[in-house]
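Topology and contacts: notes
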Amino acid sequence: MLLDLGEAVPGGVGENSSLVAYSIVCQHMGCPVGYKKQDKHFMCPCHQTLYDPARGGYVIQGVAQRPLPRVQLEVDGDDIIAVGVEGLIFGYRDNLAPGEKVA
Ligand code: FES
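These remarks concern the structure in this document. (Residues numbered from 1 in each chain as written. Predicted model: local features only at pLDDT ≥ 70, side-chain atom pairs only at ≥ 80, totals over all residues. Heavy atoms only, no water.)

Comments concerning the pairing of strand β7 (residues 70-76)
Let me state the cut-off plainly: Here, a strand pair is defined by DSSP locating no fewer than two bridges between the strands. Numbering of helices and strands runs from the N terminus; a helix is a DSSP stretch of H or I covering at least four residues, while a strand is a stretch of E covering at least two.
Bridge analysis of β7 against strand β8 (residues 79-86) gives 7 bridges, and the strand direction is antiparallel. Of the residues in β8, the one forming a bridge with Leu73 is Ala82. Hairpin connection between β7 and β8: a loop of 2 residues separates the two successive antiparallel strands, and Gly77 in this loop has a positive phi of roughly 65°.

So, in structure tokens, the structure goes:
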């Protein structure tokens, strides 16, 4: 999920360093997390883990033990390009290598 957090954040890209992206697969048991715009965090509906997209997807509270995997972004003019993933997405043994196509 691509977000514009509206303020500069560590690792953010774009003109205001406010663009970030994360896998939305919860690191606890794989439920899809939702973004709560008013609270500026991700929340998992299964066991209520909260993740902070402004701080590398780290767990704010809850049972998950690892941050949400962050999608590495690059900006090229008007294009925002996903170029990699930091951290292993829940349920996968490894992430795709850059340039590798999905089968
Ligand atoms: S699956 Fe997300 S907190 Fe358990």
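Now that the structure is up, let's keep going.
Focus on the pairing of strand β6 (residues 58-61)
Relative to β6, strand β5 (residues 50-52) runs antiparallel, the two sharing 3 bridges. Note that in β6 the partner of Leu50 across the bridge is Gln61.

Observations regarding the packing of aromatic side chains
Threshold: A pair of Phe, Tyr and Trp rings is counted when the ring centres sit within 6.5 Å of each other, with Trp represented by its six-membered ring. The angle between the planes then sorts it: under 30 degrees is stacked, over 60 is edge-to-face, the rest tilted. Think of it in three bands: with a 1.4 Å probe and only protein chains considered, a residue is buried below 20% of the maximum accessible area for its type, exposed above 50%, and partly exposed in between.
For the structure shown, the criterion picks out 2 aromatic pairs. Residues Tyr22 and Phe42 carry aromatic rings whose centres are separated by 5.8 Å and whose planes lie at 70° to one another, so their mutual orientation is edge-to-face. One end of the pair, Tyr22, is in the loop between β2 (19-21) and β3 (34-36); the other, Phe42, is in strand β4 (residues 41-43), and 20 residues separate them in sequence. For the pair Tyr22 and Phe42, a shared accessibility class is recorded, and that class is buried. Site record: aromatic cluster; members linked through ring pairs are Tyr22, Tyr35 and Phe42.

Description of the sheet that holds β5
Our working rule: Axis geometry follows a simple rule: fit a line to the C-alpha atoms, using only the stretch in contact for helices, then measure angles between N-to-C directions, giving values from 0 to 180 degrees.
With antiparallel pairing, 4 strands are arranged side by side in an open sheet as β3-β4-β5-β6. Lying at the two open borders of the sheet, with one neighbouring strand each, are β3 and β6. Sheet twist, expressed as the mean angle between neighbouring strand axes with direction ignored, is 40°. Note: β3 against β4, 3 bridges, orientation antiparallel. Of the residues in β4, the one forming a bridge with Tyr35 is Phe42.

What to know about the environment of His28
Under the convention used in this document: Residues are treated as being in contact if the distance between any of their heavy atoms lies within 4.5 Å. Polar contact is the term for a pair of N or O atoms within 3.5 Å; when the atoms are in protein, one must be able to donate a hydrogen and the other to accept it, and sequence-neighboring residues count only if both atoms are side-chain atoms.
Position of His28 relative to the elements: it lies in the loop between β2 and β3. Between the alpha carbons of His28 and Arg66 there is a distance of 7.9 Å; along the sequence they are 38 residues apart. Ignoring anything within four residues of it in the chain, the contact list for His28 reads His47, Tyr51, Val63, Ala64 and Phe90. Within the structure, the side chain of His28 is placed 3.2 Å from the side chain of His47, a separation counted as a polar contact.

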